[in-house]
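A structural walkthrough
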Amino acid sequence: MDSPRWLPLESNPEVCFFVSCLGMKSSWQFGDVYGLDPELLSMVPRPVCAVLLLFPVTEKYEAFKQEQEEKLKDQPQEVSPGVYFIKQTIGNACGTIGLIHAVANNQALLEFGEFSLFCNEVSIRVTHESSAQEGQTEAPSLDEKVNLHFIAFVNVGGHLYELDGSKSFPIVHGKTSEDTFLEDAVEVCKVFMARDPQEVRFTIIALSKDSY
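Residues numbered from 1 in each chain as written. Predicted model: local features only at pLDDT ≥ 70, side-chain atom pairs only at ≥ 80, totals over all residues. Heavy atoms only, no water.

If you look the protein up in an unreviewed UniProt entry, it shows as Ubiquitin carboxyl-terminal hydrolase from Amphilophus citrinellus.

Along the chain, the position of Val44 falls in the loop between α2 (38-41) and β2 (48-56). With a relative accessible area of 7%, Val44 lands in the buried category. Sequence-wise, Val44 and Leu207 are 163 residues apart; in three dimensions their C-alpha atoms are separated by 9.5 Å. (Helix = DSSP H or I, 4+ residues; strand = E, 2+ residues; numbered from the N terminus. Buried < 20%, exposed > 50% of the residue type's maximum accessible area, 1.4 Å probe, protein only.)

Once that is clear, we can look at the nonpolar core. Val51, Leu53, Phe153 and Phe192 are the most contacted members of the largest nonpolar core, which totals 21 residues. Secondary-structure elements contributing two or more residues to this core are β2, β3 (148-156), α6 (181-195) and β6 (203-209). For this core, the element with the most residues is α6, which contributes seven residues. (Core = buried A, V, L, I, M, F, W, Y, C linked by side-chain atoms within 4.5 Å.)

Turning our attention to the sheet that holds strand β5 (residues 171-175). Taken together, six strands build an open sheet; the order of strands is β1-β6-β2-β3-β4-β5 and the sheet is antiparallel. Whereas interior strands pair on both sides, the edge strands pair on one side only; in this sheet they are β1 (28-32) and β5. Strand-to-strand twist across the sheet, computed as the mean angle between neighbouring axes with direction ignored, equals 20°. Bridge count between β2 and β6: six bridges; the pairing is antiparallel. Looking across to β6, one finds that Leu52 is bridged to Ile205. Strands β1, β2, β3, β4 (159-163) and β6 of the sheet are contacted by helix α4 (residues 94-104), whose axis makes an angle of about 5° with β3. (Pairing = 2+ DSSP bridges. Axes fitted to C-alpha atoms, helices over the stretch in contact; angles between N-to-C directions. Contact = heavy atoms within 4.5 Å.)

Right under this line is the structure:
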């Protein structure tokens, strides 16, 4: 029996109204990161509590992913019990999984309305499909193969975590802080880009405190 599939989300921040539909208030907002140099990073409102990376799934990445997982199974990293991590079991749901990882690991910072649908599976699915239709391009069919993937980066307990629902566990990328989190996450994003230098299909979105 084939696993269920959802329509893929786009990476434009408007589609990230997904989380507001599930009860998150607008005191924090998703916004594009327009470049990786210090001047452009300084334009991102602070503080930043999560970063989403959309990247192409290539043969190089798949080979690296398999090698990394085998290595970490033999030499496990210490992962804080405070990290919220879920596996992706539904096709094309990586955007939603990334958003859930970003929000669930920052519940102490974010504000939610009294009527939050955050943990309601049916509401998450319906809202995902509605968000996918809100994209700036026509949504593909459910059967169309999508070779782009979303992951999230969060700061839990002063450590930078990569949360990828297609992997078996979180990846620890060393220490971080509220002040350096965006720059630290971007350094990991640069590694993804360097692995496939011919690719241009990378997008970074930051979840930042609304400055207005």
